[in-house]
Structures are given as structure tokens and as C-alpha cells.
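# Chains, contacts and geometry: an overview
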Amino acid sequence: MNIAAKPASIAADAAAILDRLGVDKAAYTTGDLKSFSPVTGEQTGSLKTVSASEASATIERADEAFRAWRLVPAPKRGELVRLLGEELRAAKTDLGRLVSIEAGKIPSEGLGEVQEMIDICDFAVGLSRQLYGLTIATERPGHRMMETWHPLGVVGIISAFNFPVAVWAWNAALALVCGNSVVWKPSEKTPLTALATHAILERAIKRFGEAPEGLSQLLIGDRAIGEVLVDHAKVRLVSATGSTRMGREVGPRLARRFARAILELGGNNGGIVCPSADLDMALRAIAFGAMGTAGQRCTTLRRLFVHESVYDQLLPRLKKAYASVSVGNPLDGNALVGPLIDKLAFDAMQKALDEARALGGTVHGGERVILGNHDAFYVKPALVEMPAHSGPVLEETFAPILYVLKYTDFDAALADHNAVGAGLSSSIFTLDMREAERFLSVDGSDCGIANVNIGTSGAEIGGAFGGEKETGGGRESGSDAWKAYMRRATNTINYSKSLPLAQGVSFDIE
Ligand code: NAD
């Protein structure tokens, strides 16, 4: 049996993975953008970045590719995405580990992220035979009216560090079957996983054989390169995932040139635990939702409203779970909570906890855990009992902080639940049908995702994913999210021998 030697360092581990996935060593050893692993804080690479003019040239090439790709029948385009799914299956172990190295996720979450990529490929392959429009009744005899969906053009993807590769796949798999070309600007904090993903795609493209050159491209760089993508006239849609701050800059720039936007921004997700809740189930869902991925999911549970009748039963159990959760090196395989991405995230967490204390909050946990390396930022997840829904509770802090509030009146809890800027994910724990249905109803949760008896995080790809208000309003992934990646034409065909005008207008010329 061949047992691979344990790599000497995380950088060596990453390099071995990149090598196996076919990434050219020069791409991550000879550049100006340094990449780091939050697991130890050590440097893992130095990547070549593109200049603004190179980025523009890349977009021009993608536009050329689009003009050829749109003529390929959609089911044939689906074949490329099917091959991508196959290549991702083969690379799952390596890419999952690289996600763990670069984003600090525990192994099951690193692998889960790659599984999401595979799932969306499967979804998109089926979709490639279902890009259908309506046939609509017309008011004119001898006429037929219908909708046709056409490819849009170059689709720009800007992604965040915390889902370094799945977000690309959600967008790219749909964009490609819809007949578009793709240009991706990954987070500058996770560029190695982007190189690896692109090498995997290139293998699929090679097997496919007939894809136009430049169909899918990568722009390594910081936000300035993202801005090139946002401002370029040939990019017809930008799907941008990241903070609400980023969305406030990107949204108006896209609107100014009438380009389309899918904005997937910050969340400040809430849950309500009602008197009839199954507390065993709620406890597990809350623990994963609030502490999983070290609180660095857009759908992380950040605010919990607990009815006064169950508060004293749930809180001790939650405190126990928080005190005993294993925080540690995610590559070792035993920890449930890995590191924060960097020092900035740690400082933001401590600032929010100080603000909560100043407002009378009682903080359990939240302190730094030193694991041998001062450049890595591990923390105990924080459980904060808050006297009021105010201060830091109203904002997303991208770290594992769960604010807990006691409630008496369901309507008041629901009003507080909705009284934040973000509107991404939400959940209610109840066995009372009236409460559950109310939460999902028109005057219930105002979020893009509203769940009953499951947590706020861990969405499946089959549903449309996204949120309202300051979360940006975009939808990606399943359901009919594909429509955002295409343009719709309404066609009316006259097969009669006369020319009746709509609305009974008469305009007779001699
Ligand atoms: P970020 O906003 O700092 O960066 C995200 C991406 O945007 C990066 O690639 C960055 O280079 C780019 N960017 C930043 N400013 C830009 C600009 N002006 N023009 C063009 N590009 C720009 O976010 P982050 O710290 O990487 O990620 C965490 C945030 O992302 C959290 O707020 C989280 O909730 C959010 N997020 C949302 C979703 C969602 O689906 N709603 C998913 C994942 C993460």
C-alpha cells in the first residue's frame, strides 16, 4: 500500500494539492498577492495579479467566446457542465481540503462546499433541457404569442472568502448552460481555491473539446479588479457576493450603466423558539447555525428570540454546548469550530462584544484561543444574553456571536426579528401550526429564506437562494433563478391574412 508522506507544512500541503489538480506552480509562487491559511496564519502562496488593462482584455475575449457559445444548443452546453460535475467528483477530496486550508472550514464543511458544486452541476445539466418560455393567449385571431429566452452575454462573478468556490459554481453552472461566458473575480483572501477550481474546469473543457477559447476566465486581484468587471460595458450581469458595504458600491455602478445585478450580501439572521418547540431539535439546529463555520456563513444564526416559558430550559443547555464545543485546527478532523479568517475579523468580534457589554449584555465565551501560532485567530464562540434588541445586535458581525433575547409576546418578537437591515435567512421552532404559518405568511418573516424547525444555514441548491433588503434582493442557484442569466423576448406571430391592431386601434391607410 502506498501511504503519502505527511506534508511538512500547510503551504506544502496546499502545493501538493495544487500540483495534483494541475495548477502551474508559477501561478502561485511568483506573484505579488500573498495568500495565507487562517489555520496557522502561514503564507501559502504569492499569486500573479492582473492589471486593469489585462482585465479589460480578458473581458473582451470572454465577449468573443460568448458570441460563439450562444450558438451551441443548450443541451450540448449542458454536456460541458456534466463533465465539470464529473471532474469535481474526482477532485472532491483535494478541493475540499484546499477549502479547509484556505477558508479554515472543518473537513465535512470543506467537502460539503464541493458537494454543493457537484449538486448545482447536476441541477444545471437538467436545466439545459428546460430553458422554456410561456405560450400566451393573444387577443388577435390568427396570432400566436410566446416568450423566448436568449443568452445574455458576459457574466461577471465576484465572490467572498467564506464560500470560496461554491458561489462560483452556483453562478457559473447556470450561466454556462444559459449560453453565457463567465469572468470570475474571487476573493483576494482565497485565491488558491480559485486557481484549483479553474484547473478542474479546464480539464472538463478539454474533454468537451469544442468550447470557444476564453469561455470561462479568472481575474486574480483585489477590489480594484472587481471594479473593472463592474464598470465594463460588455459585462451584462454581475453576480456579486460579499458584504453589504460592497453591494452599496457595486449596485449603483451597475445601475448607472443599466447592467443587471445579482447582489448576495450580508445577513443578520434570526430564529424564534416558541413555547411548544422541540428543544432537543432546536438546540442542535441553533448550535450548528450559530457556531458552524466559526460564524462565518452569510446564513449564520446571529439573533435568537426565546419565549420566556422555555428560556430557563434552553439557556443552560445552550451554555453547556458553547462551553464544550471543540475549537481547533480544522485539518486535524476533531474540531467543530475552526479559525476566523484573519485579525480584522477577530478585532470586529471583540468590538461587538464590548459594545454588547456596555449595553448590559452578559457574554459567555468569545475569548481568543491560542493554538501555538499568534498569526492564527481562533475564538470560543460567544453566547450573549441581551436585555434589548439594540446596538451590535442590529448589525452583522462576521464571527460566532449569538445574541439571545427573551420574549413574552409573539408579535413583538416577530417585529424585532424583522427590525434589522438585512433580510437573508430566518427560522422558527414551534409545533404550533398557527405560529409556523404566521411566520411564513405575508406579515411573518421578511427574509428570502424562512424555515420551520430547521436552522437558518445549510440551504439546498434546489431552492432559489438570496435575501431581501440590505441583503441585496438577488437570487441564485435553484428554482427559476436561471432567468436572471438570460434575456426574455416576447414574440407575436401573425399567421392570418389581416393585420388587426392590439387594443382595437384602427389606423387604415389607402
Ligand atoms: P467583502 O465585501 O469584503 O468582499 C467580497 C468580494 O467583493 C471580494 O472579492 C472583494 O474583492 C470584492 N469587492 C469589495 N469591494 C468591491 C468593490 N467596490 N467593487 C468590486 N468588488 C469589490 O466580503 P467578504 O469579507 O469576503 O465576505 C463576507 C461577507 O460576504 C459577509 O457580509 C457575508 O454575509 C457575505 N456573504 C453573503 C452571501 C450571500 O449569499 N448573501 C454569501 C457569502 C458571503
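Attention now moves to the overall build of the chain. Within the chain, the secondary structure is distributed over 14 helices and 23 strands. In summary, the chain has a C-alpha radius of gyration of 25 Å against a globular reference of 24 Å for 510 residues, a match within 12%. Across its three principal directions, the C-alpha atoms of the chain cover 85 × 60 × 45 Å. Counting contacts in the chain only where the partners sit at least 6 residues apart, residues at least 24 apart contribute 73% of the total.

As a further point, take the nonpolar core. In terms of nonpolar packing, the biggest core is built from 147 residues, with C121, A124, A169, A173, A196, V238 and Y485 touching the most fellow members. Residues lining this core come from more than one domain, with at least three contributed by each of domain 1 (10–265 + 472–489) and domain 2 (269–465).

Attention now moves to the domain arrangement of the chain. Domain boundaries in the chain define domain 1 (10–265 + 472–489) and domain 2 (269–465). Here the C-alpha centre of domain 2 lies 30 Å away from the C-alpha centre of domain 1. On the side of domain 2, 24 residues touch domain 1, which itself brings 24 residues to the contact. Looking at the side of domain 1 that touches domain 2, the elements with two or more residues in it are helix 4 (74–103), helix 5 (107–127) and strand 22 (476–477). Tallying contributions element by element places helix 5 first for the side of domain 1 that touches domain 2, with six residues. In the side of domain 1 that touches domain 2, the residues fall into nine nonpolar, eight polar and seven charged.

Interaxial distance between helix 4 and helix 6 (residues 166–177) falls to 8 Å at its minimum, and their mutual angle equals 150°. One way to sum up the angle between helix 4 and helix 6 is to call them roughly antiparallel. Of the residues in helix 6, those in contact with A74, R77, G78, L80 and V81 of helix 4 are A173, L176 and V177. Residues that form the contact of helix 4 with helix 6 fall into these classes: six nonpolar, one polar and one charged.

Next up on the list: the site of the ligand. Inspection of the region around the ligand gives 29 residues, with A160, G226, G242, E264 and C298 positioned closest. Mapped onto the shell around the ligand, the elements with two or more residues apiece are helix 8 (223–231) and helix 9 (244–256). Ranked by the residues each element gives to the shell around the ligand, the list is headed by helix 8, at four residues. Looking at the shell around the ligand residue by residue, the class counts come to 11 nonpolar, 10 polar and eight charged.

To continue, consider the sheet that holds strand 5 (residues 154–158). Pairing is parallel across the open sheet formed by five strands, whose spatial order is 7-6-5-8-9. If you trace the sheet from one side to the other, it starts and ends with strand 7 (216–218) and strand 9 (260–264), each paired once. Here the strands of the sheet are splayed against their neighbours by 15° on average, with no regard to which way each runs. Sheet topology places strand 5 next to strand 8 (residues 235–241); five bridges connect them, and they run parallel. Across the sheet, the residue bridging to I157 is S239, located in strand 8.

The subject of this paragraph is the sheet that holds strand 10 (residues 269–273). Spatially, 12-15-16-11-10-18-19 is the arrangement adopted by the seven strands of the open sheet, whose pairing is mixed. Both edges of this open sheet fall to strand 12 (362–364) and strand 19 (449–452), since each of them pairs with a single strand only. This sheet shows a mean twist of 20° between the axes of neighbouring strands, independent of strand direction. The strands touched by helix 14 (residues 433–440) are strand 18 (425–429) and strand 19; relative to strand 19, the strand with the most contacts, the crossing angle is about 170°.

With that out of the way, let us pick up the packing of helix 4 against helix 7 (residues 191–208). Helices that pack against each other are described as a pair by the angle of their axes relative to one another and the distance between those axes. Remark: helix 4 packs on helix 7, axes separated minimally by 9 Å, with the N-to-C direction vectors making an angle of 160°. As the angle between them shows, helix 4 and helix 7 are arranged roughly antiparallel. At the point where helix 4 passes helix 7, the crossing takes the right-handed sense. Residue-level contacts link E79, L80, L83, L84, E87, L88, A91, L95, L98, V99 and E102 of helix 4 to L192, T193, A196, I200, L201, R203, A204, I205, R207 and F208 of helix 7. For the contact of helix 4 with helix 7, a count of residues per class yields 15 nonpolar, one polar and five charged.

What follows is about the environment of G270. Residue position: G270 is located in strand 10. Among the residues examined, G270 registers 30 C-beta atoms within 10 Å and is labelled buried. Along the sequence, G270 and L424 sit 154 residues apart, while their C-alpha atoms lie 9.3 Å from each other. With residues up to four places along the chain from it excluded, the contact list for G270 reads R303, F305, H417 and S426.

In this structure, F258 takes a positive phi of about 55° despite not being glycine. In this fold, F258 is placed in the loop between helix 9 and strand 9. What makes F258 exposed here is the crowd of 7 C-beta atoms within 10 Å. Notably, S477 is not glycine yet its phi reads approximately 75°, a positive angle.

Reading the values: rules and limits
Residues numbered from 1 in each chain as written. Predicted model: local features only at pLDDT ≥ 70, side-chain atom pairs only at ≥ 80, totals over all residues. Helix = DSSP H or I, 4+ residues; strand = E, 2+ residues; numbered from the N terminus. Rg over C-alpha atoms; globule rule 2.2 N^0.38 Å. Contact = placed C-beta atoms within 7 Å. Core = buried A, V, L, I, M, F, W, Y, C linked by C-beta atoms within 7 Å. Buried ≥ 20, exposed ≤ 12 C-beta atoms within 10 Å, placed from the backbone. Domains from an automatic or database assignment. Nonpolar A, V, L, I, M, F, W, Y, C, P; charged D, E, K, R; others polar. Axes fitted to C-alpha atoms, helices over the stretch in contact; angles between N-to-C directions. Parallel < 35°, antiparallel > 145°, perpendicular 65-115°, else oblique. Near = placed C-beta within 6 Å. Pairing = 2+ DSSP bridges. Left-handed = near helix turned anticlockwise from the far one by under 90°.

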